[in-house]
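Geometric and topological summary
What follows is the residue order along each chain.
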Amino acid sequence: MSDAIAPLRDFVVGMTQLVGRSSDERTLLAEGRALLKGLIADDAWLPAAFSAARKDRYAQYLLHADALERFSVVSFVWGPGHRTPVHNHTVWGLVGVLRGAERCDEFALDAAGQPQGTGRHHVMLPGDIEAVSPTVGDWHRVSSALPDEVSISIHVYGANIGAVRRERLDEQGRRIDFVSGYDSEMLPNLWDRSAAVRSQGPADGPAPTTPAAGAR
Ligand code: FE
């Protein structure tokens, strides 16, 4: 029986329950962090189509969007040398490293509300998680920290992040609007659980066999 996608399905179910019972950011970040910790503890569930690096820039593959846009789950795939602009999010988010390593350059708002580099950075390794939001710190720049390997992080945000109007800094440090979109043209299929259901069999009978082609 193969149900490799089960950890992502379980995460989506857990996040759906979480956003259904709380809209408090501290609760969402704390409980979402625990759910994300479990998801990134396993490196076998992410389908190949959502873990492939682009040549030109980092990739953002949508893995799931809540039907009410209360949260979204995205895999970020970094090739060597790839990095984001300095950017914000405008909503809460959690970033967990699944594979490789990421460097995060830290920014903070000055007295005029402008993002300024603090001169500090940190490197995140598999299992590490950090939070972003206008409350806990919303501006940063993220880059691949490995010169010859792909790095992947799994992000969950409190909105359909690819459709959120937010801001980044241009080369002159000016704030400009952007909407990130997504690179994926399809979503992973969380819901074909047929193999697992078949293998369980009826409650009081032999396990059914796989139907012949065309019998669906
Ligand atoms: Fe970010």
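So, here is what we can say about the structure in this document. (Residues numbered from 1 in each chain as written. Predicted model: local features only at pLDDT ≥ 70, side-chain atom pairs only at ≥ 80, totals over all residues. Heavy atoms only, no water.)

1. Here's the deal with the overall build of the protein
- Within the protein, the secondary structure is distributed over 3 helices and 10 strands.
- When its helices and strands are written in sequence order, the protein yields α-α-β-β-β-β-β-β-β-β-β-β-α.
- The principal-axis extents of the C-alpha atoms in the protein amount to approximately 70 × 40 × 25 Å.
- Relative to its full complement of 216 residues, the protein shows a buried share of 44%.
- Across the protein, the fraction of contacts at a sequence separation of at least 24, relative to all contacts at a separation of at least 6, is 71%. (Helix = DSSP H or I, 4+ residues; strand = E, 2+ residues; numbered from the N terminus. Buried < 20%, exposed > 50% of the residue type's maximum accessible area, 1.4 Å probe, protein only. Contact = heavy atoms within 4.5 Å.)

2. Describing the coordination of the iron ion
- At this site the iron ion is bound by His 87 (NE2), His 89 (NE2) and His 140 (NE2), with donor distances of 2.1 to 2.2 Å.
- For the iron ion, all donor residues lie on one chain, and their spacing in sequence is H-x1-H-x50-H. Of the two residues, His 87 sits in the loop between strand E2 (72-78) and strand E3 (93-99) while His 140 sits in strand E7 (residues 140-144), which places them 53 residues apart along the sequence. Considered together, His 87 and His 140 belong to a single accessibility category, that of buried residues. (Donors = N, O, S within 2.8 Å, 3.2 Å for Na, K, Ca; no water.)

3. Notes on the sheet that holds strand E6 (residues 129-132)
- In spatial order, the strands read E1-E2-E8-E3-E6; together these 5 strands make up an open sheet with antiparallel pairing. Strands at the two margins of the open sheet, each flanked by one partner only, are strand E1 (59-65) and E6. Averaged over all pairs of adjacent strands, the angle between strand axes in this sheet comes to 25°, irrespective of strand direction.
- As paired strands, E1 and E2 are joined by 6 bridges and run antiparallel to one another. Note that in E2 the partner of Ala 65 across the bridge is Ser 72.
- With respect to the sheet, helix H2 (residues 25-40) is in contact with E3, E6 and strand E8 (151-157), its orientation differing from that of E3 by roughly 15°. (Pairing = 2+ DSSP bridges. Axes fitted to C-alpha atoms, helices over the stretch in contact; angles between N-to-C directions.)

4. Digging into the packing of aromatic side chains
- Applying the stated rule across the entire model yields 4 aromatic pairs.
- Ring plane angle 90° and centroid distance 6.2 Å describe the contact between Phe 50 and Tyr 61, whose orientation is recorded as edge-to-face. A residue pair is termed long-range when its members are at least 10 positions apart, and Phe 50 in the loop between H2 and E1 and Tyr 61 in strand E1 qualify at 11 residues. A single burial state applies to Phe 50 and to Tyr 61, both of which are buried.
- Connected via pairs of aromatic rings, a cluster forms that spans Tyr 58, Phe 76 and Trp 78. (Phe/Tyr/Trp six-rings, centres within 6.5 Å; stacked < 30°, edge-to-face > 60°.)

5. So, the pairing of strand E9 (residues 166-169)
- By the bridge criterion, 4 bridges tie E9 to strand E10 (residues 175-178) in an arrangement that is antiparallel. What sits directly across from Leu 169, in E10, is Arg 175.
- Between E9 and E10, which follow one another and run antiparallel, lie 5 residues, and Gly 173 among them has a positive phi close to 80°.

6. Observations regarding the packing of helix H1 (residues 6-21) against H2
- Running from N to C, H1 and H2 cross one another at 170°; their axes reach a closest spacing of 10 Å. Our classification of the angle between H1 and H2 gives roughly antiparallel. Here Pro 7, Leu 8, Phe 11, Gly 14, Met 15, Leu 18, Val 19 and Arg 21 of H1 come into contact with H2, specifically with Thr 27, Leu 28, Glu 31, Gly 32, Leu 35, Leu 36 and Leu 39.
- Among the residues making up the contact of H1 with H2, the classes are represented as 10 nonpolar, 3 polar and 2 charged. (Parallel < 35°, antiparallel > 145°, perpendicular 65-115°, else oblique. Nonpolar A, V, L, I, M, F, W, Y, C, P; charged D, E, K, R; others polar.)

7. Overview of the pattern of salt bridges
- Under the definition given, this model contains 13 salt bridges.
- Here Arg 9 makes a salt bridge to Asp 3, at a shortest N to O gap of 2.9 Å.
- Note on Arg 9: relative accessible area 7%, which makes it buried.
- Its relative accessible area of 23% is what places Asp 3 among the partly exposed residues.
- With its nearest N and O atoms 3.2 Å apart, the salt bridge here joins Glu 106 to Arg 120. Of this pair, Glu 106 sits in strand E4 (residues 102-109) while Arg 120 sits in strand E5 (residues 115-124); the two residues are 14 residues apart in sequence, bridging distant segments of the chain. (Salt bridge = Lys/Arg side-chain N within 4 Å of Asp/Glu carboxyl O.)

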